[in-house]
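# Fold and contact review
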Amino acid sequence: MAPSTAVSSEPGSASVSGIRTAIVPAAGLGTRFLPTTKAVPKELLPVVDTPGIEYVAAEAAEAGASRLVIVTSPGKDAVAQYFQSQPDLEDTLERRGKTDLLAKVRRAPGLLSVETAIQEEALGLGHAVSCAEPNLNPDDDVVAVLLPDDLVLPTGVLGRMARARAEHGGTVLCAFDIPKEQISAYGVFDVEDTDDADVKKVVGMVEKPKVEDAPSTFAAAGRYLLDRAVFDALKRITPGAGGELQLTDAVAMLITEGHPVHVVVHRGGRHDLGNPGGFLRAAVDFALAHPEYGPELREWLRGRVQE
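What counts and what doesn't
Residues numbered from 1 in each chain as written. Predicted model: local features only at pLDDT ≥ 70, side-chain atom pairs only at ≥ 80, totals over all residues. Heavy atoms only, no water. Helix = DSSP H or I, 4+ residues; strand = E, 2+ residues; numbered from the N terminus. Rg over C-alpha atoms; globule rule 2.2 N^0.38 Å. Buried < 20%, exposed > 50% of the residue type's maximum accessible area, 1.4 Å probe, protein only. Contact = heavy atoms within 4.5 Å. Areas by Shrake-Rupley, 256 points an atom, 1.4 Å probe, with all protein chains shown as cover. Lys, Arg positive; Asp, Glu negative; His and termini not counted. Charge placed at Lys NZ, Arg CZ, Asp CG, Glu CD. Pairing = 2+ DSSP bridges. Axes fitted to C-alpha atoms, helices over the stretch in contact; angles between N-to-C directions. Parallel < 35°, antiparallel > 145°, perpendicular 65-115°, else oblique. Nonpolar A, V, L, I, M, F, W, Y, C, P; charged D, E, K, R; others polar. Phe/Tyr/Trp six-rings, centres within 6.5 Å; stacked < 30°, edge-to-face > 60°. Lys NZ or Arg CZ within 6 Å of the ring centre and 35° of its normal. Core = buried A, V, L, I, M, F, W, Y, C linked by side-chain atoms within 4.5 Å.

## Side note on the overall build of the protein
Summing up its helical and strand segments, the protein has 10 helices and 13 strands in all. Here the C-alpha atoms of the protein give a radius of gyration of 20 Å, agreeing with the 19 Å that 2.2 N^0.38 yields for 307 residues. Along the first, second and third principal axes, the C-alpha atoms of the protein reach 60 × 50 × 40 Å. Expressed as a percentage of its 307 residues, the buried residues of the protein come to 47%. Relative to all contacts within the protein whose residues are 6 or more apart in sequence, the contacts with residues 24 or more apart total 77%. Here the protein has roughly 14,600 Å² of accessible surface; of this, 51% comes from carbon and sulfur atoms. Averaged over its 30 positive side-chain charges, the protein has a centre that lies 3 Å from the centre of its 44 negative ones.

Put into structure tokens, the structure is as follows:
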């Protein structure tokens, strides 16, 4: 993983957890990256030299998770295989004295235990998360869900979310404070203040409201700390457009039933790996911070921009 100040941890993020299992929904077809994704899963496309899903897995491990459930679709076995050891390759690198490369190859398998759940049809994020329920242990009272398209920077927000859950209970989501003129592109929280300026009680949620109708400027990001009760709610919600089950509908149902839901407002940045433009920005950002590639790339970009 490229050393980068953009991905450094927030202090103390792994000290409070309770998170044992993390879920990564990765069953999508990656249509915006076709034709590449005919053969290579989007989650394995490298941000410099490290696939985005490894960054996400490392974030989950940092927050205390020991298990990662990757929700995948038939034919996307390569995503989980990436986290398996490759003794022949490792032996070859060791014999050739390529210790740096050997450490990189061993990094992902050493993060946490990885298993898969299969989503046969693309029926929404809520459906994808529900597909992982059989993988959960009886003591998984809370699970983390990390969307692999979102790199939330710096890492550590899951630790802050765990601390908010320890104080308030229930389900905790991550939010960004979005400029009001851009809010219509997001799911938006209706919130009430708490004693902490960056922790808000959620009283409702609105999907992609008009600017004038937005209840706040706090928008959903790709990190969730879900109480086990969410899985029961996912069984009770009604499918929406296209027969999809939305995670936000399950959370909204729990809010109406008195289940505590809060958001932690993350004041850092993010990269959207779900489209080529966002992916390129992430690659440039991480490459600029890389000690080997950064200095030369910075000089090249200066000259290229001037042209």
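## As for the pairing of strand β4 (residues 67-72)
Most of β4 is tucked away, with 6 of its 6 residues classed as buried. Alternating residues of β4 divide into Arg67, Val69 and Val71 and Leu68, Ile70 and Thr72, and every residue in both groups is buried. When strand β1 (residues 21-25) meets β4, the two strands line up parallel, connected through 5 bridges. Across the sheet, the residue bridging to Ile23 is Val69, located in β4. With 6 bridges joining them, β4 and strand β5 (residues 113-118) adopt parallel strand pairing. Across the sheet, Thr72 pairs through a bridge with Ile118, a residue of β5.

## Brief notes about the packing of helix α7 (residues 229-236) against helix α8 (residues 247-256)
Running from N to C, α7 and α8 cross one another at 105°; their axes reach a closest spacing of 9 Å. In terms of orientation, α7 lies roughly perpendicular with respect to α8. Contacts between α7 and α8 pair Ala229, Val230, Ala233, Leu234 and Arg236 from the former with Leu247, Ala250, Met253 and Leu254 from the latter. In the contact of α7 with α8, the residues fall into 8 nonpolar, no polar and 1 charged.

## A closer look at unusual backbone geometry
The bulk of non-glycine residues show a negative phi, and the bulk of peptide bonds are trans. Along the chain, Leu34 connects to Pro35 via a cis peptide bond; the corresponding omega equals 10°. Here Pro35 is to be found in the loop between β1 and β2 (46-47). Of note, the bond from Leu153 into Pro154 is cis; its omega dihedral lies within 30 degrees of zero at -10°. Positive phi, close to 65°, is recorded for Val48, a residue that is not glycine. Within the chain, Lys208 stands out as a residue other than glycine whose phi angle is a positive 50°. With respect to the helices and strands, Lys208 occurs in the loop between β10 (199-207) and β11 (218-227). Classification of Lys208 by relative accessible area gives exposed; the value is 54%.

## Concerning the packing of aromatic side chains
The way to describe two aromatic rings as a pair is by their centre distance and the angle between their planes. Throughout the structure, instances matching the rule amount to 3 aromatic pairs. Ring geometry for Phe33 against Phe279: centres 5.8 Å apart, planes inclined by 75°, an arrangement best described as edge-to-face. Remark: Phe279 occurs in helix α9 (residues 276-288) and Phe33 occurs in the loop between β1 and β2; sequence separation between them is 246 residues. For Phe33, a relative accessible area of 11% gives the class buried. Owing to a relative accessible area of 11%, Phe279 belongs among the buried residues under this scheme. Pairing Tyr82 with Phe83 gives two aromatic rings, centres 5.4 Å apart and planes at 90°, and the pair type is edge-to-face. Given the relative accessible area of 26%, Tyr82 is considered partly exposed. For the cation-ring pair, Arg270 lies above Phe176, with the distance from its terminal atom to the ring centre recorded as 5.1 Å.

## Notes on helix α1 (residues 52-62)
The buried fraction of α1 is high, at 9 of 11 residues. Within α1, burial applies to Gly52, Ile53, Glu54, Tyr55, Val56, Ala57, Ala58, Glu59 and Ala60. Positive phi appears at Gly64, one or two residues downstream of α1, with a value of about 110°.

## Considerations on the nonpolar core
Grouped together as the largest cluster of nonpolar side chains are 48 residues, with contacts concentrated most on Leu68, Leu146, Met161 and Leu225. In contact with Leu146, not counting residues within four places along its chain, are Ala22, Ile23, Val24, Pro25, Val56, Glu59, Ala60, Leu158, Gly222 and Arg223. One finds Ala128, Ala132, Tyr224 and Leu234 within the second-largest nonpolar core, a separate group that totals 34 residues.

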